[in-house]
Amino acid sequence: MTKIISRNFRVLCDFMDVYQFMIEVYEKDWRNGVPAPFLEYALSSDWMDKSLVHRWKLWEDNGRIVGLVFYENPVNDVYFSLRPGYEKLADEMVMYAVSFMPRVDGHLRFVIFDGQNAVKEAAAKIGFQQSSGYIEKVFDFEQSLNYSLPDGFHFVESKKLSVEKIAECC
């Protein structure tokens, strides 16, 4: 029988385990939450408010991380990472976020990605509504790139790139 517990995040003790959890659950469409480097970058940056990371919450099944609620920047942007098969925790995770995650001017925003259906449903049950959206376009380079460029433009092999021209362009 599994015993799921929840506890607050301890940055000095839990970071590597959380990082590994995020690697394990990663899908390129972010349906299980953001990729691990997202969290690493935020925690190592000087622009993120780290004073409230003790409010982040972990869910563990016999010591194995299965869920995480955390903020990034701003502190009222709340993210959810959930291991597949543990969707039943979504209601509890959303309620925790509503009750304990920081707010800015009284506002709390959930950042939920397509495919995080259990989290979306849990948030909708308590009255949250989608206010915006974003579609990430990722090209699968296993497919051939067959795109006509406007006159005067052409593709250049990476070995033949001019660093000076790239710098000027960018």
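Scroll up to find the structure this text is about.
These remarks concern the structure in this document. Since this is a predicted model, take the numbers as computed values, not measurements.

1. Quick notes on the environment of N8
- Among the secondary structure elements, N8 is positioned in strand β1 (residues 4-8).
- Spatially, the C-alpha atom of N8 lies 6.0 Å from that of L58, the residues being 50 residues apart in sequence.
- When residues no more than four places from it in sequence are discounted, the contact partners of N8 are D14, H54, R55, W56, K57 and Y96.
- Polar side-chain contacts of N8 include one of 2.8 Å to the backbone oxygen of H54.
- Side-chain polar atoms of N8 contact the side chain of Y96, separated by 3.3 Å.

2. Observations regarding helix α1 (residues 11-25)
- Given a rise of 1.5 Å per residue, 15 residues ought to cover 21 Å, and the 20 Å separating the end C-alpha atoms of α1 matches this to within 8%.
- Considered for burial, the residues of α1 that qualify are D14, F15, V18, Y19, F21, M22 and V25.
- Among the structural elements, β1, α2 (36-44), β2 (57-61), β3 (64-71) and β4 (77-82) are those in contact with the buried residues of α1.

3. Here we look at the state of the cysteines
- Tallied over the entire structure, the rule returns zero disulfides.
- The thiol of C169 is unpaired, and the distance to the nearest cysteine sulfur, on C170, comes to 4.8 Å.
- Residue class for C169 comes out exposed when judged on its relative accessible area of 68%.

4. A look at α2
- What α2 keeps buried is the set A36, F38, L39, A42 and L43. Projection of α2 onto a plane perpendicular to its axis shows the buried side chains occupying an angular sector of 160°, all on one side. With respect to the buried face of α2, the exposed residues turned more than 90 degrees away are Y41 and S44.
- On the buried face of α2, the contacting elements are α1, β3 and β4.

Quick notes on the rules
Residues numbered from 1 in each chain as written. Predicted model: local features only at pLDDT ≥ 70, side-chain atom pairs only at ≥ 80, totals over all residues. Heavy atoms only, no water. Helix = DSSP H or I, 4+ residues; strand = E, 2+ residues; numbered from the N terminus. Contact = heavy atoms within 4.5 Å. Polar contact = N/O pair within 3.5 Å; in protein donor to acceptor, adjacent residues only side chain to side chain. Expected span 1.5 Å × (residues − 1). Buried < 20%, exposed > 50% of the residue type's maximum accessible area, 1.4 Å probe, protein only. Disulfide = S-S within 2.5 Å. Arc of directions from axis to C-beta.

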